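# Structure assessment
Spelled out, the chains give:
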Number of protein chains: 4
Amino acid sequence: MPIPAPVLAPPFHVVRLNHVVLTVTDLAAARAFWSDTLGLQVTGESEDRLYLRAMEERGHHCVVLERGGAPGARVLGFKVYAEEDLDRAEAFFRARGLPAAFAEVPHQGRTLRTSDPLGVPLEFYFAMEKLPSIHQAYALYRGVKPLRIDHFNCFSDDVDASVAFYTAIGFRTTEYTENEDRTRLWAAWMHRKGGVHDMAFTHGVGPRLHHVAFWVPTPMAIIDLLDLMATTGYVGNIERGPGRHGISNAFFLYVRDPDGHRIELYCSDYQTIDPDHEPIRWDLRDPRRQTLWGAPAPRTWFEEGTAFAGTPARAPSYQASPIIAA
Amino acid sequence: MPIPAPVLAPPFHVVRLNHVVLTVTDLAAARAFWSDTLGLQVTGESEDRLYLRAMEERGHHCVVLERGGAPGARVLGFKVYAEEDLDRAEAFFRARGLPAAFAEVPHQGRTLRTSDPLGVPLEFYFAMEKLPSIHQAYALYRGVKPLRIDHFNCFSDDVDASVAFYTAIGFRTTEYTENEDRTRLWAAWMHRKGGVHDMAFTHGVGPRLHHVAFWVPTPMAIIDLLDLMATTGYVGNIERGPGRHGISNAFFLYVRDPDGHRIELYCSDYQTIDPDHEPIRWDLRDPRRQTLWGAPAPRTWFEEGTAFAGTPARAPSYQASPIIAA
Amino acid sequence: MPIPAPVLAPPFHVVRLNHVVLTVTDLAAARAFWSDTLGLQVTGESEDRLYLRAMEERGHHCVVLERGGAPGARVLGFKVYAEEDLDRAEAFFRARGLPAAFAEVPHQGRTLRTSDPLGVPLEFYFAMEKLPSIHQAYALYRGVKPLRIDHFNCFSDDVDASVAFYTAIGFRTTEYTENEDRTRLWAAWMHRKGGVHDMAFTHGVGPRLHHVAFWVPTPMAIIDLLDLMATTGYVGNIERGPGRHGISNAFFLYVRDPDGHRIELYCSDYQTIDPDHEPIRWDLRDPRRQTLWGAPAPRTWFEEGTAFAGTPARAPSYQASPIIAA
Amino acid sequence: MPIPAPVLAPPFHVVRLNHVVLTVTDLAAARAFWSDTLGLQVTGESEDRLYLRAMEERGHHCVVLERGGAPGARVLGFKVYAEEDLDRAEAFFRARGLPAAFAEVPHQGRTLRTSDPLGVPLEFYFAMEKLPSIHQAYALYRGVKPLRIDHFNCFSDDVDASVAFYTAIGFRTTEYTENEDRTRLWAAWMHRKGGVHDMAFTHGVGPRLHHVAFWVPTPMAIIDLLDLMATTGYVGNIERGPGRHGISNAFFLYVRDPDGHRIELYCSDYQTIDPDHEPIRWDLRDPRRQTLWGAPAPRTWFEEGTAFAGTPARAPSYQASPIIAA
């Protein structure tokens, strides 16, 4: 089944993903992991909330950690191209019968709260408080030297529906897999910013957040993180990798934070900026699509994810190919 | 002097730079350098012309080498967002009294030939013959493992005028230096594709091509190239580096091809995709702007460049700060 | 159980390991793997034999591949400090009732053929044909850029006996594991040349060769090899890794040649040259001893090895801790 | 002029270099540089003295910084193979009419204080206080991640005499340059521990310490140090590099501490352990001997060094080739 054709004049312009708001049960433990270990910089902190940014970002936050009773993902945030895109977005979501309301959000300008048709909570903003650049403040680099947030990956109980919706708002598919009989999409990687993805969807109990990813400078930064985590009490938080993905060609590592939120450290995918860039189809039976070097992912990686606040996850409406669990 | 405000709705949409056509005096020597040493892949070859692409590119060429009597640069090529952008571009250039004519160009779709107001020969196209992807054909990687063309840098005898023009067609400035009294721009880095630049201008005898740059995977690829060139007869072709630029924060090396064309190997600059991304101003007296680590560039680097075919270079209309030659 | 005290004035002086002679069933397939893929340089070739060296070596060979009906390891070769050490070695082995005879070996000077008490076939030599240095012939570097042979690792059915013998001839233990009740050694790493090992022994059906290892420049060379093997038909030959060993602290990868011979690519262990360097004991229950980052080794890695020609392997005389197979 | 033949049975056995004692004028500034910036670990500290070790070392110190009125080098320290080697060394130095006396040195066992015939102050010891290993304490790694002290380099006013002496005590030459007419050595690299050198001598006003070098994991660690120094106020302390030496094939950087002591960060030379390893001769006119990539060293690098306490430096007894200053 072919993926839908890209929409080159979308109803509103998304620039890129920008931030995720996660609920964590212990802010001090979360800070030790996200900031002291991964190396994100703390830009704001209160009793209930921690704001973080990566080294190359000038906006106030790419991750917001909120204290709560149970782990969860509260919202995925995207930046639009201009203030007026927020109004166009509001109209678009309303016309589709989806929730759409402007909210006051600290450190952000006007922010539209909404959700996609499958229930993924989204927010769109144009302006965010800007901070002085620190990309050349090398004394601050530590951990995996995270440079910027790169993408979200979500379980979807209907990948075709997810892809159709994000295509409609201007996302373009770069790589994908299909079900065995090629009638249904199995997974898809979709971008706005010119890399392999801002957002990916994988067949599974959903919607749930599979992971949030950060771009790091080189594979060596990931190896340094592995050495650090293995010798500072976090060996059990290493879930998968290091390896190179067949899909995206990126060098990767997956780790879990103290609440189980999955984080990918990611580098060296490729430029996809051309509007006529053609997506790559992978065969589900090719083991190299997940890890080019052939190593399988652990079962937890296929099954576990973070619930979106207020959105119950559903079993997919069609069966998984048995090959997936192999 | 402030740089001009970005134009968010430009008259036509440029996606990115794509290719350069260079005249070389010895095609065999050029092939030995560009393909066997740097590692670009040959995609077409005749008695008079050599086509090359980098590992991640799917278009037919990013460099065209043409045999000729004297080294020169014939045209800088840019990809537009849609076929209609070519017509909008034609109208734009005609309205400015600049040359604008469609040409038949092998392996490219409809191609608009024109020049900027200072005389830099340009061409714009939307469609190019697509080749199978080779970014995962690792057996083909060699030399510096060039992944994609990254930017052009030109001497300009009037940087303010160059910046004004490219701003008008939608390029956005990311970093710049000014003359000592802050009345004139000294140099500027301008992008379309979301990195530090597709095109940069430096004060000097112009217009001339200062260099064309290729994105490479990591600093280690550049170190490998240095070792290779030093031991295969090309030690004299190494001009400057390796180092890290203050401006762009990229790791770099400059080499010269057998005809003296300057090539930059470049990696790890940063994402600039936000429309409200603020440019960074550097002080001309800060030695770290050129090389963060303080090493000066050689005199040749400030003075030598490639002539644009049919465009005589002019001395700048105002004086260089003496500090530059230090 | 403490490991035996080092013998600082051994009966003869071994400088380091130097070479292995392996039997392969298809020389062309072996050449494609060892030379074209791994990057070892061919220094001699006949219908029945292939000689290889690594980039930094000046001796004629570190690997000899001989055509034969079944895969096997014919001999492990060591260099001694002076010609007279060969005579001292002969006397030593004879006094122990072990075979000891001088043989004519192409490209080598006088060569003593013998075996250790468990049946591992050994040869000692002082002089070998010297070749011009190629460590700065960077155009020849390819594959994993192997710099030198680093160590052998053997299954032993009696690790205590193996360690006692190699200690007697001057090898010093750097790291080790013991059986659960600390009465028997489980594995030991022993060196002459000042790294973590020239020779290691692991509890198992033995004697068999577990692997031969090559020192490579950096982890990036190993990542390059993985990318190359994954896309040139060798994905099934990748057995374990990449990772960092807890024991030795080295970054590693294990691959299998077309005949199943196991090869380790290895870098960044540490200097152990001091005669009073103290060995490190690891707990068998610490998963980080094998891979610092916690990933388990596959079952094949514990069970499969290369038979030594003419030496039947025996089951160990005591039981494995069940924890090992976990 | 051929270098002298190696002495394979020296009068006493040196294992390797171990430490240097330097006088600094401001201990706090020195600590900020050596520990906070380079990344050496503080193992002892008093009002007048700072002890440092590198990450892989288990002995108490590889650098001792003493507070004093003027920068200087007080002694170069070497480890011998056994306690008795100290007595053999004492006899050797006395027989040559050189000073030789045992001294009490904190954290070291019996220590022989002496000097070479040109006046370089030396000390030899066998035992040193051992500290717990920290090579896998990755949370402590910072700066350039120094793994171990690698070598000393000294200006000598008579390189032939220096080489003759160190050859007599068992050092072996690995690489060298000669004066233009090949009658005198210009520089030589000599080792005990199996790398390119523990000790090197260069023609110049001597004896003076040219630099002390530390082994670091990869070229990337050196690039990280450059970025750090350039942005923490130390850009003026970067003297030469990064680059690859022709001689030694090592990747290098030279920096100066706040008192002007020169430090080399160094990695990836090669194994020289074989007693019949043949030295490499370089032509003084080959620019690649200093930097394989052709870049010249600055004048300071040829002229400045650290005085040895109590040893006046002398002009060389023969003239430098004019080519050197080029």
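Since this is a predicted model, take the numbers as computed values, not measurements.

Here we come to the overall build of chain A. A count of helices and strands for chain A gives 5 helices and 18 strands. A globule of 326 residues ought to have a C-alpha radius of gyration of about 20 Å, and chain A, at 19 Å, matches this closely. With the C-alpha coordinates aligned to their principal axes, the bounding extent of chain A is approximately 50 × 45 × 40 Å. For chain A, buried positions account for 65% of its 326 residues.

For the rest of this paragraph, the subject is helix α1 (residues 27–37) of chain B. Every buried residue of α1 of chain B is accounted for by Leu27, Ala30, Phe33, Trp34, Ser35 and Thr37 of chain B. The backbone nitrogen of Ala28 of chain B lies 3.0 Å from a side-chain oxygen of the residue at the head of α1 of chain B, namely Asp26 of chain B.

Overlaying chain C with chain D gives an RMSD of 0.0 Å, the required rotation being 180 degrees about an axis along which the chain moves by 0.0 Å. What the superposition gives is, in effect, a two-fold axis relating one chain to the other. Distance from the rotation axis, computed per C-alpha, reaches its smallest value in chain C at Thr218 of chain C: 3.4 Å.

This part is about the relation of the copies chain A and chain B. Each copy of the sequence occupies a distinct position, and chain A is placed on chain B by a rotation of 180 degrees and an axial shift of 0.0 Å, giving an RMSD of 0.0 Å. A share of 100% of the interface residues of chain A reappears at the interface of chain B, consistent with the copies meeting face to face through the same patch.

Turning next to the sheet that holds strand β4 (residues 63–67) of chain D. All names here are of chain D. Ordered by their spatial adjacency, 8 strands build an open sheet running β2-β3-β4-β1-β5-β8-β7-β6, and the pairing between neighbours is mixed. Two strands close off the open sheet at either side, each with one partner strand: β2 (41–45) and β6 (100–103). Averaged over all pairs of adjacent strands, the angle between strand axes in this sheet comes to 25 degrees, irrespective of strand direction. The pairing of β2 with strand β3 (residues 49–53) spans 4 bridges and is antiparallel. Bridged to Glu45 within β3 is Leu50.

We now examine the interface of chain C and chain D. Taken together, the contacts link 32 residues of chain C with 32 residues of chain D. Summed over both sides, the interface of chain C with chain D buries roughly 3,100 Å², with 48% coming from carbon and sulfur. Three residues, Arg58, Tyr81 and Gln271 of chain C, lead the burial of chain C against chain D; their summed loss comes to 19% of the area buried on that side. Where chain C packs against chain D, one counts 8 salt bridges. Between chain C and chain D we count 26 residue pairs in polar contact (both at pLDDT 80 or more) in total. For the side of chain C that touches chain D, the secondary-structure elements that each account for two or more residues are β1 (14–24) and β17 (280–282) of chain C. When the residues that make up the side of chain C that touches chain D are grouped by side-chain class, the tally is 11 nonpolar, 8 polar and 13 charged.

Contacts between chain A and chain B engage 32 residues on the former and 32 residues on the latter. Across the interface of chain A and chain B, roughly 3,100 Å² is buried in total on both sides, 48% from carbon and sulfur atoms. Considering only the surface of chain A that becomes buried against chain B, Arg58, Tyr81 and Gln271 of chain A emerge as the three largest contributors, covering 19% of it. Across the chain A-chain B interface, the total number found is 8 salt bridges. As a salt-bridge pair, Asp276 of chain B and Lys79 of chain A come within 3.1 Å of each other at their nearest N and O atoms. Linking chain A with chain B are 26 residue pairs in polar contact (both at pLDDT 80 or more), by the criterion used here. Looking at the side of chain A that touches chain B, the elements that each hand over two or more residues are β1 (14–24) and β17 (280–282) of chain A. Along the lines of polarity and charge, the residues of the side of chain A that touches chain B split into 11 nonpolar, 8 polar and 13 charged.

All names here are of chain B. With 12 residues, helix α4 (residues 219–230) extends 17 Å between its outermost C-alpha atoms, agreeing within 8% with the 16 Å of an ideal straight helix rising 1.5 Å per residue. Of all the 12 residues making up α4, 11 are buried; the element is thus mostly covered by neighbouring parts of the structure. Every buried residue of α4 is accounted for by Pro219, Met220, Ala221, Ile222, Ile223, Leu225, Leu226, Asp227, Leu228, Met229 and Ala230.

This part covers the packing of helix α4 (residues 219–230) of chain A against helix α4 (residues 219–230) of chain C. At a minimum axis distance of 10 Å, the contact between α4 of chain A and α4 of chain C shows a crossing angle of 110 degrees. Judged on the interaxial angle alone, α4 of chain C and α4 of chain A are roughly perpendicular. Crossing hand, α4 of chain A versus α4 of chain C: right-handed. Note on element contacts: α4 of chain C touches α4 of chain A through Pro219, Met220 and Ile223 of chain C, opposite Pro219, Met220 and Ile223 of chain A. For the contact of α4 of chain A with α4 of chain C, the class distribution of residues is 6 nonpolar, no polar and no charged.

Residues and elements named next belong to chain B. The 8 strands are arranged β2-β3-β4-β1-β5-β8-β7-β6 in an open sheet whose pairing can be described as mixed. Edge positions in the sheet fall to β2 (41–45) and β6 (100–103), since each has one partner strand and no second. Averaged over all neighbouring strand pairs, the angle between strand axes comes to 25 degrees, with direction disregarded.

Using the criterion set out here, one finds 84 aromatic pairs over all chains in the structure. Taking the centre distance of 5.8 Å and the plane angle of 75 degrees together, the rings of Phe78 of chain C and Phe152 of chain C count as edge-to-face. Of this pair, Phe78 of chain C sits in strand β5 (residues 72–80) while Phe152 of chain C sits in strand β9 (residues 148–156), and the two are 74 residues apart along the sequence. In this pair, the class of Phe78 of chain C matches that of Phe152 of chain C, namely buried. Relative to Tyr166 of chain D, the ring of Phe165 of chain D has its centre 5.3 Å away and its plane inclined at 85 degrees; by these criteria the two rings are edge-to-face.

Residues and elements named next belong to chain A. Per the UniProt record, the feature "domain: VOC" (unreviewed entry) sits at residues 16–127 and 148–268. The span residues 16–127 is 21% helical and 42% strand by assignment, and the distance between its end C-alpha atoms comes to 13 Å. The annotated region residues 148–268 carries 18% helix and 45% strand content, and the separation between its end C-alpha atoms amounts to 13 Å.

Turning next to the domain arrangement of chain A. All names here are of chain A. We note that the domain assignment places domain 1 (14–130) and domain 2 (143–318) within chain A. Computed over C-alpha atoms, the centres of domain 1 and domain 2 are 19 Å apart. The partner domain 2 presents 47 residues to the 44 residues of domain 1 that form the contact. Taking both partners together, domain 1 and domain 2 bury about 3,500 Å²; carbon and sulfur atoms supply 72% of that area. Interface area lost by domain 1 to domain 2 is led by Leu17, Phe33 and Leu118, which between them contribute 21%.

Moving on: unusual backbone geometry. In the segment running from Gly206 of chain A into Pro207 of chain A, the intervening peptide bond is cis, with an omega of 5 degrees. Its place among the elements puts Pro207 of chain A in the loop between β12 (199–203) and β13 (208–215). The peptide bond linking Gly241 of chain C to Pro242 of chain C adopts the cis configuration, its omega dihedral lying at 10 degrees. Here the phi dihedral of Lys145 of chain A falls at roughly 55 degrees; this positive angle occurs in a residue that is not glycine. Unlike most non-glycine residues, Ser268 of chain C shows phi in positive territory, near 65 degrees. Along the chain, Ser268 of chain C turns up in the loop between β16 (262–267) and β17. For Ser268 of chain C, a relative accessible area of 28% puts it in the partly exposed group.

A few words on the environment of Thr173 of chain D. All names here are of chain D. Structurally, Thr173 is set in strand β10 (residues 172–178). We classify Thr173 as buried; its relative accessible area is 8%. Sequence separation between Thr173 and Ala200 is 27 residues; the distance between their C-alpha atoms is 9.1 Å. Leaving out residues up to four positions away in the same chain, Thr173 has contacts with Ile3, Val163, Ala188, Trp189, Met190 and Pro279.

Here we take up the pattern of salt bridges. Within this structure, the stated rule accounts for 116 salt bridges over all chains. Across the pair Arg49 of chain C and Glu66 of chain C runs a salt bridge, and its minimum N-O distance is 3.4 Å. Pair noted here: Arg49 of chain C is in strand β3 (residues 49–53) and Glu66 of chain C is in strand β4 (residues 63–67), with a separation of 17 residues, a long-range link. Here the salt bridges share partners, and the residues they tie into one network are Lys79 and Lys130 of chain A together with Asp276 and Glu278 of chain B.

Quick look at the pairing of β5 of chain C now. Residues and elements named next belong to chain C. In terms of residue burial, β5 counts as a mostly covered element, since 8 of its 9 residues are buried. Across 8 bridges, β1 lies against β5 in antiparallel orientation. Note that in β5 the partner of Val14 across the bridge is Val80. As defined by bridge partners, β5 adjoins strand β8 (residues 121–125) across 4 bridges and the pair is classed as parallel. Paired with Gly77 across the strands is Glu123, a residue of β8.

Procedures and definitions
- Residues numbered from 1 in each chain as written.
- Chains lettered and ligands numbered in written order.
- Predicted model: local features only at pLDDT ≥ 70, side-chain atom pairs only at ≥ 80, totals over all residues.
- Heavy atoms only, no water.
- Helix = DSSP H or I, 4+ residues; strand = E, 2+ residues; numbered from the N terminus.
- Rg over C-alpha atoms; globule rule 2.2 N^0.38 Å.
- Buried < 20%, exposed > 50% of the residue type's maximum accessible area, 1.4 Å probe, protein only.
- Polar contact = N/O pair within 3.5 Å; in protein donor to acceptor, adjacent residues only side chain to side chain.
- Least-squares fit on C-alpha atoms with pLDDT ≥ 70 in both.
- Contact = heavy atoms within 4.5 Å.
- Pairing = 2+ DSSP bridges.
- Axes fitted to C-alpha atoms, helices over the stretch in contact; angles between N-to-C directions.
- Buried area = accessible area lost by both parts, 1.4 Å probe.
- Salt bridge = Lys/Arg side-chain N within 4 Å of Asp/Glu carboxyl O.
- Nonpolar A, V, L, I, M, F, W, Y, C, P; charged D, E, K, R; others polar.
- Expected span 1.5 Å × (residues − 1).
- Parallel < 35°, antiparallel > 145°, perpendicular 65-115°, else oblique.
- Left-handed = near helix turned anticlockwise from the far one by under 90°.
- Phe/Tyr/Trp six-rings, centres within 6.5 Å; stacked < 30°, edge-to-face > 60°.
- UniProt positions renumbered as here; feature names shortened; annotations may be inferred.
- Domains from an automatic or database assignment.

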